[in-house]
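The lines below spell out each chain.
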Amino acid sequence: MSLKSTKTFFLSFFRELFVYHHTSLEFRAKLFASMIASNKIDNSCEYVVLKKIAEDIYRDDEYRVDVLVHTTKEYVNKIVQNDSLDIDHLILDIDRELKRNKRFVNKINMEHLRSFYACNGDEDTILLQTRILEYYESEIKSRKSN
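Residues numbered from 1 in each chain as written. Predicted model: local features only at pLDDT ≥ 70, side-chain atom pairs only at ≥ 80, totals over all residues. Heavy atoms only, no water.

(A) Structural detail: the packing of helix H4 (residues 44-57) against helix H5 (residues 62-80). Between H4 and H5, the least distance of the axes is 9 Å, while the angle of their chain directions is 140°. The angle between H4 and H5 places the two elements in the oblique class. The interaxial crossing formed by H4 with H5 has right-handed handedness. For the pair H4 and H5, the contacting residues are Tyr-47, Leu-50, Lys-51, Ala-54 and Glu-55 in the first and Val-65, Asp-66, Leu-68, Val-69, Thr-72, Lys-73 and Val-76 in the second. Taken together, the residues of the contact of H4 with H5 break down into 7 nonpolar, 1 polar and 4 charged. (Axes fitted to C-alpha atoms, helices over the stretch in contact; angles between N-to-C directions. Helix = DSSP H or I, 4+ residues; strand = E, 2+ residues; numbered from the N terminus. Parallel < 35°, antiparallel > 145°, perpendicular 65-115°, else oblique. Left-handed = near helix turned anticlockwise from the far one by under 90°. Contact = heavy atoms within 4.5 Å. Nonpolar A, V, L, I, M, F, W, Y, C, P; charged D, E, K, R; others polar.)

Set out below in structure tokens:
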């Protein structure tokens, strides 16, 4: 394990202590995980898209990019392995986060989320991703109008 990956693992594991605005990063990771985990076939394309999005968000902080990618992978693995999380519970958790932190609605970037469409999934994947995006769009509208 290289020094960089060790540091990324350490920062990810202890993100609550060492990562500035870790709740914002976790929220974004949950958003991205909901899109990635909806594709049951292969997530390699999604992780390439995720890395590009993370670099766009955190241009000047490569460790924050790596922590976002690592945290997103953790959530996806929890869903895929059916450990303690599924997409429905993840979306409910996102909804709770939006209620607790009104500013998080500004963290939802629909263009970033739509980028995952580039990874052609099957018909069920596209339908699920579309429903997830529609839900996020409705949340943005309802929370910005309040």
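Structure's up, so let's keep going.
(B) Examining the nonpolar core more closely. Core analysis: the largest hydrophobic core is formed by 39 residues, its most contacted members being Ile-108, Leu-113, Phe-116 and Tyr-136. Elements with a contribution of two residues or more to this core: helix H3 (22-36), H4, H5, helix H6 (87-100), helix H7 (110-114) and helix H8 (123-145). By residue number, the principal contributor to this core is H3, which donates 8 residues. When sequence neighbours within four positions are dropped, the list of residues in contact with Phe-116 reads Phe-32, Met-35, Ile-36, Glu-46, Val-49, Leu-50, Ile-53 and Gln-129. (Core = buried A, V, L, I, M, F, W, Y, C linked by side-chain atoms within 4.5 Å. Buried < 20%, exposed > 50% of the residue type's maximum accessible area, 1.4 Å probe, protein only.)

(C) Looking closely at the environment of Ala-54. Mapped onto the elements of the fold, Ala-54 is located in helix H4. C-alpha separation for the pair Ala-54 and Val-69, spaced 15 residues apart in sequence, amounts to 7.2 Å. Look past the residues within four positions of Ala-54 in its chain and what remains in contact with it is Val-65, Leu-68 and Val-69.

(D) Up close: the side chain of Thr-125. Positionally, Thr-125 belongs in helix H8. You can call Thr-125 buried: its relative accessible area is 4%. Setting aside its immediate chain neighbours within four residues, Thr-125 contacts Ser-38, Asn-39 and Lys-40.

(E) Spatial organisation of the packing of H6 against H8. Remark: H6 packs on H8, axes separated minimally by 12 Å, with the N-to-C direction vectors making an angle of 15°. What the angle tells us is that H6 and H8 run roughly parallel. The two elements H6 and H8 cross, and the hand of that crossing is right-handed. Taken together, the residues of H8 that come into contact with H6 (itself represented by Ile-87, Ile-91, Ile-94, Asp-95, Leu-98 and Lys-99) are Leu-128, Ile-132, Tyr-135, Tyr-136, Glu-139 and Arg-143.

(F) Spotlight on the pattern of salt bridges. Counting across every chain of the model gives 12 salt bridges. With a shortest N-O distance of 3.7 Å, Glu-97 and Lys-30 are connected by a salt bridge. Residue Glu-97 is found in helix H6, and its partner Lys-30 is found in helix H3; the two are separated by 67 residues along the sequence. Using a relative accessible area of 12% as the deciding quantity, one classes Glu-97 as buried. Its relative accessible area of 7% is what places Lys-30 among the buried residues. The partner of Arg-143 in a salt bridge is Asp-95, with the nearest N and O atoms 2.9 Å apart. Here Arg-143 is found in helix H8, whereas its partner Asp-95 is found in helix H6, with 48 residues between them in sequence. (Salt bridge = Lys/Arg side-chain N within 4 Å of Asp/Glu carboxyl O.)

What is shown is where atoms sit, not what they do.
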